[in-house]
2 protein chains.
Amino acid sequence: MLKDTFARRALTLKSSEVRELLKLTDSEDIISFGGGLPAEETFPVEEMKILCNEVLSENGAKTMQYAVSEGYDELHKIIAELMGEKGITVEPCDILITSGSQQGLDLTAKVFLDEGDVVLCESPTYLSAINAFNPCYPEYMEIEMDEEGLIIEDLKKKLNKNKNIKILYTIPDYQNPTGRRMSLERRKALMDVASNYDLIIVEDNPYSELCFDGNNFPPLKSFDTEGRVIYLSTFSKTVCPGFRVGWVSASKEILKKYILLKQGTDLHTNFFTQMLIARYIEKYDIKAHIKDNILIYKKRKDTMLDSIKRYFPEGISYTDPQGGMFLWVTLPQMISSRELLVNAMKRGVAFVQGSAFYPGGGHENTMRLNFSGLTEEKITKGVKILGELLTEELKK
Amino acid sequence: MLKDTFARRALTLKSSEVRELLKLTDSEDIISFGGGLPAEETFPVEEMKILCNEVLSENGAKTMQYAVSEGYDELHKIIAELMGEKGITVEPCDILITSGSQQGLDLTAKVFLDEGDVVLCESPTYLSAINAFNPCYPEYMEIEMDEEGLIIEDLKKKLNKNKNIKILYTIPDYQNPTGRRMSLERRKALMDVASNYDLIIVEDNPYSELCFDGNNFPPLKSFDTEGRVIYLSTFSKTVCPGFRVGWVSASKEILKKYILLKQGTDLHTNFFTQMLIARYIEKYDIKAHIKDNILIYKKRKDTMLDSIKRYFPEGISYTDPQGGMFLWVTLPQMISSRELLVNAMKRGVAFVQGSAFYPGGGHENTMRLNFSGLTEEKITKGVKILGELLTEELKK
C-alpha cells in the first residue's frame, strides 16, 4: 500500500553514513574517524550543574513553558556581540535561534528552494546540507575547489550558464569535509561576484572558533553591505552539540521568512537550553574555554597528520587543516574508499567515504577523517591500520 | 532582488495568529484566550532541579554530546509502556523522539506529501498542522464534524471523489480547536473505512491525558492491525512544553522514513531534556501529577463554561469539552469574530478567530478559547468582556 503513498523524497532516501557510523561509536572497540564529534572532555558538565539550578531557580516555570519562535532575547544579545567581534554588525532582533545549525539548513531549503531550483555548493560539500536541502527537490551545481576554497572562475562559469540559481551554499572556514579555509582574496572576490550576479550566499560557519594558527579571516557576512549573506552558526562546537542550539542571522526581509517557517517546523527551540547557554557565556570565560579546546584539537590534528606521514604509503595526498575537525584524504585513482572502508571496519576502523560529500557522486578515491573526537592513541592506532590496508592495496 | 529568489511557500506565508498572540501574553494586562499554554504552576520545576543534577552527574558529557536521531533508548521504553496502557502494542524501537509533536507534523509532510497531494482533515483542524504541511504544497479536503468527531459519510464521499488522497489527519481526543472527542463508534467506523480505502491515518494525540470525566476512548492506533495509523504525541501537556520532546510511532517501514528525514531536519532532539523527562517519569508519579493537572484544567473549563452561560447573550453555541485545553464558540452568522477580536483587543482580551482553523477559510463567526493557561479570575473577567462586546454587537 505504501509505494504510492510516500512522497518522492521518501522513496529515494539513504541514511547518512555519518549518522549510521555514529551508532557504532558507542562501541568502545571501534576507532571511528567517521563522526564529527567534539571532544567530550571539553564539555562544561560541572558548570552546567550549577547553571541548571540557577536558571530554574531564577526563572522558574518560564524555563519550561512554550516560548516565542525567535528565541531567547538574552541569547540574541550575546550572539550579536559574538558576531560583532568577528566584524559583523548585527542587531539582536536580526537573529533567529534554531535547533542546531542543521535546522538552519532545513529552513534555508524551505525559504528558498522549489523543485528544480539550483543550489551552488563547494565540491565536495557538507553531506547533511544535501540531506537538509533534498526534501525541496533542488538540483546542485558543484563549484570546484582548491586549497584556497571555491574557485571563482568556475563559479562565474556556472553562474553564466544557469538562470535558476537560488543560493550559493559555502563553508568558508575549515570546511566540512575538506578542512580548507577560504583565503581572504577569495572571500572578497566571492562577494564581488555575488553582488554582480545578485546572488544569495548561505555562509555556514560552525567551525571558525576552532582556529589553530590564530589567523582567522573575516566571515563573508562581515563584507556584506547588501543583505545578501545568510549566516548560520551554532554553539555545538564551542559549548556542546547535544543541547541543539544554533542560529541564523540575515536581513530583516529574509529572516522574517525563516521565523515564519520555523513556527511550522517545531514552534521554537528548547528554551531551557537556550537559557543555559546564555548563562554559561555570561558567567564563564568562553574565550578561555575555546582556547583550551583548540589546544586539544590542534594536538589531535597534528597527531593525525604525523601518523599519516608515518604510516600512509606514497601517492596519497591530504589537507593540513588550520582549524575545525576534519582532514580530507585523496587516494590514488584506482583505490576505492568504499572497499577500503569495508576492510577497515573488519579491523575496527571507520571513516566516511568521500563520495558521500559530492551531490553528483563520484570521487570514489576520497575519504574524510575526523580528528576532534578521538584520543591521540586511537588516532595513531587507527591511522596505522588504514596505512597498512592502503599499503596492501597498493601492492595488488 | 528577493521576489524571484524566495520559494513559493515563502511568498504566501502568514504568521500563525496563535504565535503572534503568544507574544502578547507576556504582558500582564492582556487576558489571552489565544495561546495554548499549559498551566505553568503544574510544571515540576523543583523536581527538575534535582534531576538536572542527577542526570549530569550520572551521565556526564554524554548528556551534552551528539546522539542518534532515533532518540534516547530509556525514553523509548517509557513511551512504549505509556502507549501500552492505552491498548497500543508497540516496541521501543518503533518510536522516534521528535522536537515536540509539531516536528512530528513537519516530518509527516516530508514523508508523505508532494505538491497537489490531498490531506483529509477535520473541519476545523489544528492551525499549526496546516502550517507544518503547507511547505510541501498539499491540498486539503475538510471533513465535516459533529459532536462525535468527523462524519463518516462525508469522509466516504470525499474518498470516493478523490484519487490523490495521501493521509487523513485527525485529533480524536479533545481536538484542537473544538475540544471534541471522537465517539467510540466513530473510531471503529473510521478504522473500517481506512482499511476499505487503504488510507493512512495520522493520529495526533497531545491531549488525551487531560481527560476530565475519566472516560477516555482507546486511540485509533489501538485498533490498528494493518500498520496504517501513525501516532503522534508529546510530553508538552503532561510534563512541560518548553523542553520540546514529543514522539512518532508507526510501522517499521513508515518509521524508517521519519527517522531518515529527521536526520536532515535537526540531526536529533535535545538529548539532555530527553534524559530529564525519562528520569522524571521513572522517579516521580506522573499519574498523580497528571491527576492534579486535570483538577486545575477541569476547574478552569467549568469556570469558562459558567461564565459563558452567565455573560454571553442568547444565540451563541459552544462546545463542552470533556478534556484538553480548548473550547469552541459559534456566533450568529452575522457576527465576525475578526471584528470582535479587534474590539476585544482594545479591552485587553485576545482569542483566535475560528477561520484560521479552516484550510479553506470562511466560518468567520467562530472562535477558539483556551482555558488551560489562565486563572479562573482572568477567565471570568475575559469572558465577561467578550459577553459585553457580543451583547453590544447583537443590539446593532
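Nothing here was measured: the structure is a model prediction, and the numbers come from that model. (Residues numbered from 1 in each chain as written. Chains lettered and ligands numbered in written order. Predicted model: local features only at pLDDT ≥ 70, side-chain atom pairs only at ≥ 80, totals over all residues. Heavy atoms only, no water.)

For the rest of this paragraph, the subject is the pairing of strand β3 (residues 118-123) of chain B. Residue and element names in this part refer to chain B. Burial of β3 is extensive: six of the six residues sit out of reach of the surface. Judged from the six bridges that link them, β3 and strand β4 (residues 139-146) form a sheet pairing that is parallel. In the strand pairing of β4, C121 is matched with E142. You can see the chain leave β3, run along helix α6 (residues 127-133) and come back into β4, and the turn it takes is right-handed. By the bridge criterion, four bridges tie β3 to strand β6 (residues 165-170) in an arrangement that is parallel. Across the sheet, residue V118 finds its bridge partner in β6, namely I165. (Buried < 20%, exposed > 50% of the residue type's maximum accessible area, 1.4 Å probe, protein only. Helix = DSSP H or I, 4+ residues; strand = E, 2+ residues; numbered from the N terminus. Pairing = 2+ DSSP bridges. Right-handed = clockwise from strand over helix to strand, strands pointing away.)

Turning our attention to the pairing of strand β9 (residues 246-249) of chain B. Residue and element names in this part refer to chain B. Side chains G246 and V248 project from β9 onto one buried face, and the interleaved W247 and S249 project onto a second face that is buried too. As paired strands, strand β2 (residues 95-98) and β9 are joined by four bridges and run antiparallel to one another. Bridge pairing links T98 to G246 in β9.

This part covers the domain arrangement of chain A. Residues and elements named next belong to chain A. Looking at the assigned domains, one finds that chain A contains domain 1 (8-44 + 288-395) and domain 2 (45-283). Computed over C-alpha atoms, the centres of domain 1 and domain 2 are 24 Å apart. Domain 1 puts 30 residues into the contact, and the matching count from domain 2 is 38 residues. Considering only the side of domain 1, the residues that lose the most area to domain 2 are P44, Q322 and P359, jointly responsible for 23% of the buried surface there. Across the contact surface, domain 1 and domain 2 share one salt bridge. In this structure, R8 and E115 form a salt bridge, with 3.0 Å as the shortest nitrogen-oxygen distance. It is helix α11 (residues 286-311) that provides the largest number of residues to the side of domain 1 that touches domain 2, a total of seven residues. (Domains from an automatic or database assignment. Contact = heavy atoms within 4.5 Å. Buried area = accessible area lost by both parts, 1.4 Å probe. Salt bridge = Lys/Arg side-chain N within 4 Å of Asp/Glu carboxyl O.)

Another point: the sheet that holds strand β2 (residues 95-98) of chain A. Residue and element names in this part refer to chain A. The strand order across the open sheet built from eight strands is β2-β9-β8-β7-β6-β3-β4-β5, with neighbouring strands paired in mixed fashion. Edge strands, defined here as strands with exactly one partner in the open sheet, are β2 and β5 (149-150). In the sheet, strand β8 (residues 229-234) pairs with strand β9 (residues 246-249) via four bridges, with the strands oriented antiparallel. Across the sheet, L232 pairs through a bridge with V248, a residue of β9. Relative to the sheet, helix α9 (residues 252-266) contacts β2, β7 (200-204), β8 and β9, its axis offset from that of β2 by approximately 30°. (Axes fitted to C-alpha atoms, helices over the stretch in contact; angles between N-to-C directions.)

The full count for this structure, using the stated rule, is 23 aromatic pairs over all chains. On the numbers, 5.5 Å between centres and 85° between planes, the contact of A:F133 with A:Y169 is edge-to-face. You can see A:F133 sitting in helix α6 (residues 127-133) and its partner A:Y169 sitting in strand β6 (residues 165-170), a full 36 residues away along the chain. Assessed through its relative accessible area of 0%, A:Y169 is described here as buried. Arranged with centres 6.2 Å apart and planes meeting at 55°, the rings of B:W328 and B:Y358 form a pair that is tilted. Linking B:W328 in strand β11 (residues 326-330) with B:Y358 in the loop between β13 (352-353) and β14 (366-370), this pair joins segments that are 30 residues apart in sequence. Residue B:W328 is classed as buried on the basis of its relative accessible area of 3%. Accessibility expressed as a relative area gives 7% for B:Y358, which makes it buried. Joined through ring pairs, the aromatic side chains of A:F243, A:F272, B:F243 and B:F272 make up one cluster. Above the face of the B:F6 ring, A:K257 is positioned so that its terminal group lies 5.4 Å from the ring centre. (Phe/Tyr/Trp six-rings, centres within 6.5 Å; stacked < 30°, edge-to-face > 60°. Lys NZ or Arg CZ within 6 Å of the ring centre and 35° of its normal.)

On to the environment of A:E144. All names here are of chain A. Among the structural elements, E144 can be located in strand β4 (residues 139-146). Separated by 20 residues in sequence, E144 and P124 place their C-alpha atoms 8.1 Å apart. Excluding its chain neighbours within four sequence positions, the residues that come into contact with E144 are G149, L150, I151 and D154.

Let's shift gears to the relation of the copies chain A and chain B. Overlaying chain A on chain B yields an RMSD of 0.0 Å, the required transformation being a rotation through 180° with an accompanying axial translation of 0.0 Å. The symmetry that links the two subunits is that of a two-fold axis. No C-alpha of chain A approaches the rotation axis more nearly than that of A:C52, which lies at 3.2 Å. Here 100% of the contact residues of chain A are again contact residues in chain B; the copies associate through an equivalent surface. (Least-squares fit on C-alpha atoms with pLDDT ≥ 70 in both.)

Attention now moves to the interface of chain A and chain B. Taken together, the contacts link 88 residues of chain A with 88 residues of chain B. Of the roughly 7,400 Å² buried at the junction of chain A and chain B (both faces included), carbon and sulfur atoms supply 61%. Between A:D114 and B:R9 there is a salt bridge, and its shortest N-O distance comes to 3.9 Å. The interface formed by chain A and chain B includes 39 residue pairs in polar contact (both at pLDDT 80 or more). (Polar contact = N/O pair within 3.5 Å; in protein donor to acceptor, adjacent residues only side chain to side chain.)

Looking now at the pattern of salt bridges. Tallied over the full model, the rule gives 71 salt bridges over all chains. Taking the shortest distance from any N to any O, the salt bridge between A:D198 and A:R228 comes out at 3.2 Å. Here A:D198, found in the loop between α8 (184-197) and β7, pairs with A:R228, found in the loop between β7 and β8; they are 30 residues apart in sequence, far enough to count as distant. Since its relative accessible area comes to 37%, A:D198 is described here as partly exposed. Look at A:R228 and you get buried, because its relative accessible area is 5%. B:D320 is the partner of B:K301 in a salt bridge, and the nearest nitrogen-oxygen pair spans 2.7 Å. Taken together, the positions of B:K301 in helix α11 (residues 286-311) and B:D320 in the loop between β10 (317-318) and β11 put the pair 19 residues apart, joining distant regions of the chain. A relative accessible area of 4% places B:K301 in the buried class. Each member of the salt-bridge network shares a partner with another, and the members are A:E54, A:E58, A:R279, A:E282 and A:K283.

We now examine unusual backbone geometry. Residues A:S123 and A:P124 are joined by a peptide bond in cis, for which omega reads 5°. Considering the arrangement of structural elements, one finds A:P124 in the loop between β3 (118-123) and α6. With an omega of 20°, the peptide bond running from A:N176 to A:P177 counts as cis. Structurally, A:P177 can be placed in the loop between β6 and α8. In the Ramachandran plot, B:D198 falls in the positive-phi region, its phi being about 50° despite a non-glycine side chain. Although it is not a glycine, B:H363 adopts a positive phi angle of roughly 55°. Checked against the element boundaries, B:H363 lands in the loop between β13 and β14.

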